[in-house]
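An overview of the molecular structure
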Amino acid sequence: MTRIVVTGGGGRLGRSLVAGLVAAGHHVVSFDRATSAAAELRGADQVAIDLLDAEQTAAALRAQRADAVIHLAAIAVPFSAPEDVIMRTNSALAVSVLGGAVAAGIPRVIAASSPTVLGYGAPHGWVPDRFPLDEATPPLPWNAYALSKLVVEQTMHMLRRQSGDRIRLAAFRPCYVIAPEEWAGAPTQQGNTVRERLDDPALAAPALFNYVDARDVASFVEALLSAMPGIPNAETFFVGADDALARRPLAELIPRFHPGTADVAAVLTGTTPAFSNAKAHRLLDWAPQHSWRTELRDDASTDQRKDVPA
């Protein structure tokens, strides 16, 4: 059994991640601003803590004697707070938690970043050099949330330079997270339902129609924890579904909402998503197990008529 601290364990992704790690046999401790009555956290310990207090955080991490830390805690939605607040909060949390974990000698440290670091949706245009997007695509953040997530990744690299390989670090960029209850109609992070995002492509277009089931993020983290001793240190991974959250090929949809991308998006035929998870396949032998095509079962006959094969 591995003892794992998850920061932000009471959040949308955190709850599913905690539940998945507990189900896999790990002893999980959730660090969050307050304890939660969520059913997913019943098998975990909880610690109410101000993670912006670096000294308190470092002391709490030392006391846990954990085998791993997974850092999710953050302001999780762009423009949900003033830009300066998002920047200060998310950057400070990264230094507090990741730095505290390294100082405590916790051997495996994982941080959640975001696909938004790539800069899609920039108000004056964005055209990548190619699709699918992957870990080699240059980051071009244009808002405080995306920039703060790039700071998370750079904090990881800073700590790697400080500690060498005695601490194993990694970052991951989860696509638009769909929690299990959202397949049944609960609102997603943006307030609309999964079905509404499928019915109206304009809703999913800002995120390039990306998504991932929260349970697949949990299985990814499980695979990453196991693989960290044997893969290059301080790697970053995209974590997304094998298909796009769309009923039409992205070769058609992305140019409609992101002008100038027609040529580079032409390869996104059939159900191909905009973001590649090939690196996680290659280094971790991980693959997502959930798709909207199976989770929204009563859409199956409609989807078969509307989807265009690759």
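These numbers were taken from a predicted model, which means no experiment stands behind them. Counting starts from 1 at the beginning of each chain's written sequence and moves along it residue by residue. Owing to the predicted nature of the model, reporting of local features is limited to residues with pLDDT of at least 70; listing and counting of side-chain atom pairs is limited to 80 or more, with chain, interface and lining totals taken over all residues. Side-chain metrics in this entry use all non-hydrogen atoms of the structure; hydrogen atoms and water are not considered.

1. Topic: the packing of aromatic side chains
Pairs were defined over the aromatic rings of Phe, Tyr and Trp, the Trp ring being its six-membered one, requiring ring centres within 6.5 Å. Orientation was assigned from the angle between planes: stacked under 30 degrees, edge-to-face over 60, tilted for the rest. Tallied over the entire structure, the rule returns ten aromatic pairs. Taking the centre distance of 5.8 Å and the plane angle of 45° together, the rings of Phe79 and Trp142 count as tilted. In this pair, Phe79 is assigned in the loop between β4 (68-71) and α3 (83-103) and Trp142 in the loop between β5 (108-112) and α4 (144-163), connecting sequence segments 63 residues apart. Their ring planes at 70° and their centres at 5.8 Å tell us that Tyr120 and Phe275 sit as a pair that is edge-to-face. With Tyr120 in the loop between β5 and α4 and Phe275 in the loop between α9 (262-265) and α10 (278-284), this residue pair connects regions lying 155 residues apart in the sequence. Buried means the residue's accessible area, taken with a 1.4 Å probe over protein chains only, is under 20% of the maximum for its type, while exposed means over 50%, and partly exposed covers the values in between. Since its relative accessible area comes to 4%, Phe275 is described here as buried. In this text, helices come from DSSP runs of H or I with a minimum length of four residues, and strands from runs of E with a minimum of two, each type numbered from the N-terminal end.

2. Observations regarding the layout of surface pockets
The gaps of empty space that remain are located by a probe, the size of a water molecule, rolled over the atoms. Using only the protein atoms, space was sampled on a 1 Å grid; points where a 1.4 Å probe fits but cannot get out form cavities, open sets with protein on both sides within 12 Å along at least five of seven lines form pockets, and lining residues are those with an atom within 4 Å of a point. Grid points are joined across faces, edges and corners, and a volume is the space filled by probe spheres set on the points. A volume near 1,200 Å³ is recorded for the largest pocket. Mapped by element, the contributors of at least two residues to the lining of the largest pocket are α1 (12-23), α3, α4 and α6 (201-204). Any residue that is not Ala, Val, Leu, Ile, Met, Phe, Trp, Tyr, Cys, Pro, Asp, Glu, Lys or Arg is counted as polar, Gly included; the first ten are nonpolar and the last four charged. Looking at side-chain class alone, the lining of the largest pocket contains 27 nonpolar, 13 polar and six charged residues.

3. Details of α4
To estimate how far a helix should reach, multiply one less than its number of residues by 1.5 Å. The end-to-end C-alpha distance of α4 is 28 Å, a good match for the 28 Å that 20 residues give at a rise of 1.5 Å each. Of the positions making up α4, those classed as buried are Ala144, Tyr145, Ala146, Ser148, Lys149, Leu150, Val152, Glu153, Thr155, Met156, Leu159 and Ser163. In the core, the buried residues of α4 are packed alongside α3, β5, β6 (168-174) and β9 (235-239). For α4, the N-terminal cap is Asn143; the gap from its side-chain oxygen to the backbone nitrogen of Tyr145 is 3.2 Å. Where α4 ends, the next residue or the one after it, Gly164, has phi of about 65°, a positive value. The contact definition used throughout considers only heavy atoms, calling two residues in contact when any of these lie within 4.5 Å. Polar contacts here mean pairs of N or O atoms no more than 3.5 Å apart (in protein, one a potential hydrogen donor and the other a potential acceptor; neighbouring residues in sequence count only if both atoms are side-chain atoms).

4. Observations concerning the packing of helix α2 (residues 54-64) against α3
Every angle, taken between N-to-C directions, lies between 0 and 180 degrees, and every axis is a line fitted to C-alpha atoms, over only the stretch in contact when it is a helix. In the contact formed by α2 and α3, the axes pass within 9 Å of each other and the chain directions differ by 40°. It follows that α2 is oblique to α3 by the angle criterion. Classified by chirality, the crossing of α3 by α2 is right-handed. Where α2 approaches α3, its residues Ala54, Thr57, Ala58 and Leu61 are matched on the opposing element by Ser96, Val97, Gly100 and Ala101. The labels follow the angle: roughly parallel below 35 degrees, roughly antiparallel above 145, roughly perpendicular from 65 to 115, and oblique for the rest. By convention the crossing between two helices is left-handed if the near helix lies anticlockwise of the far one by an angle smaller than a right angle, and right-handed if it lies clockwise.

5. So, unusual backbone geometry
In this structure, the amide linkage connecting Phe131 to the following residue, Pro132, adopts the cis form with an omega of -10°. With phi around 50°, Arg65 is a residue other than glycine that occupies positive phi space. Following the sequence through the fold, Arg65 ends up in the loop between α2 and β4. Unusually for a residue other than glycine, Asp285 sits at a positive phi of about 55°. Assignment of secondary structure puts Asp285 in the loop between α10 and α11 (292-295). On the basis of relative accessible area, Asp285 is assigned to the exposed category, the value being 71%.

6. Quick look at the pattern of salt bridges
The term salt bridge refers to a pairing of a side-chain nitrogen on Lys or Arg with a carboxyl oxygen on Asp or Glu at a separation within 4 Å. Taken as a whole, this structure holds 14 salt bridges when the rule is applied. In this structure, Glu295 and Arg215 form a salt bridge, with 3.4 Å as the shortest nitrogen-oxygen distance. With Glu295 in helix α11 and Arg215 in helix α7 (residues 214-227), this residue pair connects regions lying 80 residues apart in the sequence. Note on Glu295: relative accessible area 24%, which makes it partly exposed.

7. Details of the nonpolar core
Membership of the largest hydrophobic core comes to 58 residues, with the highest contact counts inside it found for Ile70, Phe220, Val221 and Leu284. Of all the elements, α7 adds the most residues to this core, at nine residues. Among residues more than four places away in sequence, those in contact with Leu284 are Phe220, Ala223, Leu224, Ala227, Ile231, Phe237 and Lys279. Within the second largest apolar cluster, 26 residues are counted, among which are Leu61, Val69, Ala94 and Ala171. Only buried Ala, Val, Leu, Ile, Met, Phe, Trp, Tyr and Cys residues count toward a nonpolar core, and they belong to the same one when joined by side-chain atoms within 4.5 Å.

8. A short note on the confidence of the model for the protein
One confidence number per residue, pLDDT, is output by the predictor and ranges from 0 to 100. Summing up the model confidence of the protein, the mean pLDDT is 95 and the portion of residues at 70 or higher is 95%. Note that residues 300-310 has pLDDT below 50 and, in this model, 16 contacts with residues that lie over four places away or in other chains.

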